[in-house]
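Residues per chain are reported as follows:
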Amino acid sequence: MSSEQAGREQQLTDRVVASFDATADPRLKEVMGALTRHLHAFVREVRLTEAEWQQAIAFLTATGHITDERRQEFILLSDVLGASMQTVTVNNQAYENATEATVVGPFFVEGSPLIPLGGDISGGAPGEPCWVEGTVTDTRGAPIPNARIEVWEADDDGLYDVQYGDDRVAARGHFFTDAEGAYRFWAIVPTPYPIPHDGPVGRLLAATGRSPMRASHLHFLVEAAGSRTLVTHIFVRGDELLDRDSVFGVRDSLVKDFEAQPPGTPTPDGRDLGDHRWTRVRFDIVLAPEV
Ligand code: BEZ
Ligand code: FE
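Residues numbered from 1 in each chain as written. Chains lettered and ligands numbered in written order. Predicted model: local features only at pLDDT ≥ 70, side-chain atom pairs only at ≥ 80, totals over all residues. Heavy atoms only, no water.

*Asks:* Sorry, what's going on with the overall build of the chain here?
*Replies:* Helix and strand counts for the chain come out as six helices and 12 strands. By principal-axis analysis of the C-alpha atoms, the chain measures approximately 80 × 40 × 35 Å. Buried residues in the chain amount to 40% of all 291 residues. Sequence separation of 24 or more characterises 71% of the internal contacts of the chain that already satisfy a separation of 6 or more. Accessible area of the chain: about 16,000 Å², with a carbon and sulfur share of 55%. Within the chain, the 44 negative side-chain charges are centred at a point lying 5 Å from the centre of the 26 positive side-chain charges. (Helix = DSSP H or I, 4+ residues; strand = E, 2+ residues; numbered from the N terminus. Buried < 20%, exposed > 50% of the residue type's maximum accessible area, 1.4 Å probe, protein only. Contact = heavy atoms within 4.5 Å. Areas by Shrake-Rupley, 256 points an atom, 1.4 Å probe, with all protein chains shown as cover. Lys, Arg positive; Asp, Glu negative; His and termini not counted. Charge placed at Lys NZ, Arg CZ, Asp CG, Glu CD.)

Below, the structure is given as structure tokens:
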């Protein structure tokens with residue numbers, strides 16, 4: 001490329017950045033300037049053709065058309081590009097031994113049922129019973145009583161309750177830690193499932209040879225006064241999808257041992273599961289202080 005051409009391209013970028021000079025909100029000015037510089041750098045680096053520009057507009061238009069109150073294709077796009085996870089990473093900087101955060105995903109629902117400690121969140125969702133227990137502490141190990149914990153997960157068929165299109169509420173709930181900061185509940189063993197892939201994001205994954213599958217996981221949202229709210233999941237050690245999670249949500253520290261118990265093994269709370277297999281996992285949660 002001639003230096004004259006490079007100069008023309010750079011001049012245009014500079015003019016667009018300067019067009020935001022009068023922005024009253026300094027943060028908006030910073031964001032728009034950086035967006036312009038990076039977007040122009042991308043167009044110039046790949047030498048974007050006009051046909052590709054048209055294709056990009058068509059892709060974003062389709063992403064908008066499939067989006068409604070139940071389906072958020074733009075968030076899915078952000079997820080598969082790693083932009084959601086990068087935002088989580090930027091905003092939840094490592095703090096001492098605090099538990100790491102990961103993406104919230106689209107299936108958290110306000111107003112989940114209150115479950116007594118030791119209760120069952122499955123609500124009839126198919127899956128192998130899984131006993132989950134742990135504590136919530138601060139970074140110095142002091143227990144945090146009365147922390148609110150929300151949990152949600154897909155069933156054995158890889159679907160969240162809200163994906164069935166009826167009014168069922170299953171495999172989700174909330175509860176509070178006891179005076180020792182401890183919690184315990186019955187869930188189901190998480191299994192792998194695909195993110196919704198019947199839209200433009202699914203077509204993008206197919207065109208790039210990527211899988212829509214998420215590594216098996218159980219979601220947690222933990223809130224306590226004076227602590228940084230934690231949105232995270234735990235993953236299953238040994239799951240072959242751990243290193244190719246479609247939304248890049250896996251962190252090593254969140255991979256836990258889900259220990260399968262032979263049929264007939266007594267359960268921690270005396271629940272009678274007959275001859276069924278069950279599994280147990282421990283997840284001790286450490287909350288960073290609120291900033
Ligand atoms: C989820 O974990 O529920 C999820 C996260 C990102 C995209 C789709 C689903
Ligand atoms: Fe999920």
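After presenting the structure, the write-up continues.
*Asks:* In this structure, what is going on with the packing of aromatic side chains? I would like to understand it.
*Replies:* Aromatic ring pairs are reported here in terms of the distance separating the ring centres and the angle at which the planes meet. Per the counting criterion, the structure on display carries 11 aromatic pairs. Residues Trp-131 and Trp-186 carry aromatic rings whose centres are separated by 5.2 Å and whose planes lie at 65 degrees to one another, so their mutual orientation is edge-to-face. Placement of Trp-131 in strand β1 (residues 129–138) and of Trp-186 in strand β4 (residues 182–188) is noted, with a sequence separation of 55 residues between them. With respect to class, Trp-131 is no different from Trp-186; both count as buried. When the ring of Tyr-160 is compared with that of Tyr-193, the centres are 5.3 Å apart and the planes differ by 85 degrees; the resulting orientation is edge-to-face. Note that Tyr-160 is positioned in the loop between β2 (148–152) and β3 (172–176) and Tyr-193 in strand β5 (residues 193–194), a separation of 33 residues in sequence. For the pair shown, Tyr-160 and Tyr-193 are each scored as buried. An aromatic cluster is defined as three or more aromatic residues linked by ring pairs; in this entry it consists of Phe-175, Tyr-183, Phe-185, Phe-220 and Phe-283. Here Arg-168 stacks its cationic end above the ring of Tyr-164, 3.6 Å away from the centre of that ring. One cation-aromatic arrangement involves Arg-271 over Trp-186; the distance from NZ or CZ to the ring centre is 4.8 Å. (Phe/Tyr/Trp six-rings, centres within 6.5 Å; stacked < 30°, edge-to-face > 60°. Lys NZ or Arg CZ within 6 Å of the ring centre and 35° of its normal.)

*Asks:* What is the right way to read the layout of surface pockets from this model?
*Replies:* By rolling a water-sized probe across the atoms, one finds the places where empty space is left. In this structure, the largest pocket spans a volume of roughly 670 Å³. Forming the boundary of the largest pocket are 18 residues, of which Phe-42, Leu-48, Glu-52, Ala-56 and Phe-59 lie nearest the centre. Looking at the lining of the largest pocket residue by residue, the classes come out as 14 nonpolar, two polar and two charged. Taken as a whole, the second largest pocket encloses approximately 450 Å³ of empty space. Class assignment of the residues belonging to the lining of the second largest pocket gives a composition of seven nonpolar, three polar and seven charged. (1 Å grid on protein atoms, 1.4 Å probe; cavity = no way out; pocket = protein on both sides within 12 Å on 5 of 7 lines; lining within 4 Å. Points joined across faces, edges and corners; volume = space filled by probe spheres on them. Nonpolar A, V, L, I, M, F, W, Y, C, P; charged D, E, K, R; others polar.)

*Asks:* Explain the pairing of β3 to me, please; I cannot follow it from the model alone.
*Replies:* Residues in a regular strand project their side chains so that they alternate between the two faces of the sheet. When you tally the buried positions in β3, you get four out of five residues, the bulk of the element. By the bridge criterion, five bridges tie β2 to β3 in an arrangement that is antiparallel. Opposite Ile-149, over in β3, you have Phe-175 as the bridge partner. (Pairing = 2+ DSSP bridges.)

*Asks:* What is the right way to look at empty space enclosed by the protein in this model?
*Replies:* Evaluation of the coordinates by the stated rule reveals one cavity of 30 Å³ or more. Quantified by volume, the largest cavity comes out at close to 100 Å³. For the lining of the largest cavity, the residue count by class is nine nonpolar, two polar and two charged.

*Asks:* Is there a simple way to explain the sheet that holds strand β8 (residues 230–236) in this structure?
*Replies:* Where strands meet in a sheet, backbone hydrogen bonds hold them as pairs that are either parallel or antiparallel. Taken together, five strands build an open sheet; the order of strands is β3-β2-β7-β8-β9 and the sheet is mixed. Each edge of the open sheet carries a strand with a single partner, namely β3 and β9 (255–256). Alignment of strand β7 (residues 217–223) against β8, held across six bridges, turns out to be antiparallel. Pairing of His-217 across the sheet is with Phe-235, part of β8.

*Asks:* Honestly, the nonpolar core in this entry has me stumped. Any pointers?
*Replies:* Across soluble globular proteins, nonpolar side chains show a tendency to be buried alongside one another. Counting 37 residues, the largest nonpolar core has Val-132, Val-136, Tyr-183, Phe-185, Phe-220, Val-222 and Ile-285 as the members making the most contacts within it. Those residues in contact with Ile-285 that lie beyond four places of it in its chain are Thr-99, Thr-135, Val-136, Thr-137, Tyr-183, Phe-220, Val-222 and Leu-230. Listed in part, the seven residues of the second largest apolar core include Phe-107, Tyr-160, Tyr-193 and Val-231. (Core = buried A, V, L, I, M, F, W, Y, C linked by side-chain atoms within 4.5 Å.)

*Asks:* Please explain the packing of helix α1 (residues 3–18) against helix α2 (residues 26–46) as it appears in this structure.
*Replies:* Angle between the axes and distance between the axes are the two parameters that describe a pair of packed helices. Here α1 crosses α2 at 155 degrees, and the two axes come no closer than 9 Å. Classified by the angle their axes make, α1 and α2 are roughly antiparallel. Regarding α1 and α2, the two cross each other, and that crossing is right-handed. Contact residues: α1 offers Ala-6, Glu-9, Gln-10, Leu-12, Thr-13, Val-16 and Val-17, while α2 offers Gly-33, Thr-36, Arg-37, His-40 and Arg-44. Within the contact of α1 with α2, the residues separate by chemical class into four nonpolar, five polar and three charged. (Axes fitted to C-alpha atoms, helices over the stretch in contact; angles between N-to-C directions. Parallel < 35°, antiparallel > 145°, perpendicular 65-115°, else oblique. Left-handed = near helix turned anticlockwise from the far one by under 90°.)

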